[in-house]
Amino acid sequence: MKKTFNWPAVYLAFVFVILYAPIFYLMVYSFNSGGTMYGFESFTWDYYIEVFQDTRLLIIVLNTVIIALLSSLISTVIGVFGALAITYVKRQRNKNTLLSLNNVLIVSPDVIIGASLLILFTFIGIRLGFTSVLLAHIAFSVPIVVIMVLPKLQEMSPTLIDAARDLGASRLDVLTKVILPYITPGIFAGFFMALTYSLDDFAVTFFVTGNGFTTLSVEIYSLARQGISLQINALSTLIFLVTLVLVMGYYFISKKSGAGLGMGVPK
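In this report, the structure presented in the accompanying data block is examined.

### Regarding the side chain of Gln231
Along the chain, the position of Gln231 falls in helix α12 (residues 230-263). In contact with Gln231, other than residues within four places in its own chain, are Tyr47, Glu50, Val51, Asp54 and Leu57.

### What to know about the environment of Asn211
Tracing the chain through its elements places Asn211 in the loop between α10 (203-208) and α11 (216-226). With 83 residues separating them along the chain, Asn211 and Leu128 place their C-alpha atoms 6.3 Å apart.

### Brief notes about the nonpolar core
One broad trend across soluble globular proteins is that nonpolar side chains are buried collectively. One finds Leu117, Val149, Leu153, Ile179 and Ile183 to be the most contacted residues of the largest nonpolar core, which totals 32 residues. When contributions to this core are tallied by element, the ones reaching two or more residues are α3 (55-87), α5 (110-124), α6 (130-155), α7 (158-166), α8 (171-182), α9 (184-200) and α10. Looking at this core element by element, the count peaks at 11 residues for α6. Ile179 has contacts with Leu84, Tyr88, Leu153, Met156, Ile161 and Val174, leaving out every residue within four places of it along the chain. Counting residues in hydrophobic clusters, the runner-up holds 15 residues, among them Ile60, Ile220, Ile232 and Leu235.

### Some words on the layout of surface pockets
Volume-wise, the largest pocket comes out at about 280 Å³. In terms of lining, the largest pocket is formed by 13 residues, of which the most central are Ile220, Ser236, Thr237, Ile239 and Phe240. Listing elements by their share of the lining of the largest pocket, those giving two or more residues are α1 (7-29), α9, α11 and α12. If you tally residues by element for the lining of the largest pocket, the top one is α12, at six residues. Partitioning the lining of the largest pocket into residue classes produces eight nonpolar, four polar and one charged.

### Focus on the packing of aromatic side chains
In total, this model carries 15 aromatic pairs according to the counting rule given. Between Phe31 and Trp45, the ring centres sit 5.3 Å apart and the planes meet at 90°, which makes this aromatic pair edge-to-face. Linking Phe31 in the loop between α1 and α2 (46-53) with Trp45 in the loop between α1 and α2, this pair joins segments that are 14 residues apart in sequence. Phe31 gets classed as buried once you look at its relative accessible area, which sits at 19%. Note on Phe31 and Tyr48: the rings are 5.0 Å apart at their centroids and 25° apart in plane angle, and the pair reads as stacked. With Phe31 in the loop between α1 and α2 and Tyr48 in helix α2, this pair connects stretches of sequence that are 17 residues apart. Given a relative accessible area of 7%, Tyr48 falls into the buried group.

### So, the side chain of Ser236
Positionally, Ser236 belongs in helix α12. Taking the relative accessible area as the measure of exposure, Ser236 reaches 18% and is therefore buried. In contact with Ser236, other than residues within four places in its own chain, are Leu26 and Ile220.

Thresholds, definitions, all that
Residues numbered from 1 in each chain as written. Predicted model: local features only at pLDDT ≥ 70, side-chain atom pairs only at ≥ 80, totals over all residues. Heavy atoms only, no water. Helix = DSSP H or I, 4+ residues; strand = E, 2+ residues; numbered from the N terminus. Contact = heavy atoms within 4.5 Å. Core = buried A, V, L, I, M, F, W, Y, C linked by side-chain atoms within 4.5 Å. Buried < 20%, exposed > 50% of the residue type's maximum accessible area, 1.4 Å probe, protein only. 1 Å grid on protein atoms, 1.4 Å probe; cavity = no way out; pocket = protein on both sides within 12 Å on 5 of 7 lines; lining within 4 Å. Points joined across faces, edges and corners; volume = space filled by probe spheres on them. Nonpolar A, V, L, I, M, F, W, Y, C, P; charged D, E, K, R; others polar. Phe/Tyr/Trp six-rings, centres within 6.5 Å; stacked < 30°, edge-to-face > 60°.

Spelled out as structure tokens, the structure:
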């Protein structure tokens, strides 16, 4: 049979080239000794060394990591219980309402969320800084965790819970020994996605940061406004690589979760 040309694959390749070409262009010139992005002279690590020698920048990196880890942990706990609450709502109308409210926070523009949180923090008297940024990151991370955990809860058979109760398990035992172990892949996936979003967020953080506290995304924006510096390229490259590792971690956890489900299906 005559083979047909694989146009979908060509289209996907073209889309990926368009998306990733600027990133690779930025990464390549982070090693340029010429100091510009117009002509590559020779390979150098100087700009990466500058990044690691900049004490202020390292403090900002530490702030970013602390915010990301704390917001991800807290939002994961809240998101798991939120997903459980949505799953066990009896009336379908109430369940759909809760899901809609959760999804609105995901699809809403970051500018709207950032401005709303800024008004809220100003109104209730929370000073802009570490606390405001942490609360903002928790706010937009919780819906992400809920979306990650819900499918695992929906896949779980109610007979597992019924069997545990028939064997005398308390509600706490059912939660800690049946439900949580089953949805662990979804919990880890939600944590990694929340961590990735927190590390990359700019728009919301830009609105709620202050008092000398800043994160990497806001700092990169400030540096870019001052002019072209390949230190920005080096810093952006490092952030991209960290984000890539986190996304790959989420992918392998999801893949492992799917494989585990497949192994549990009787033939």
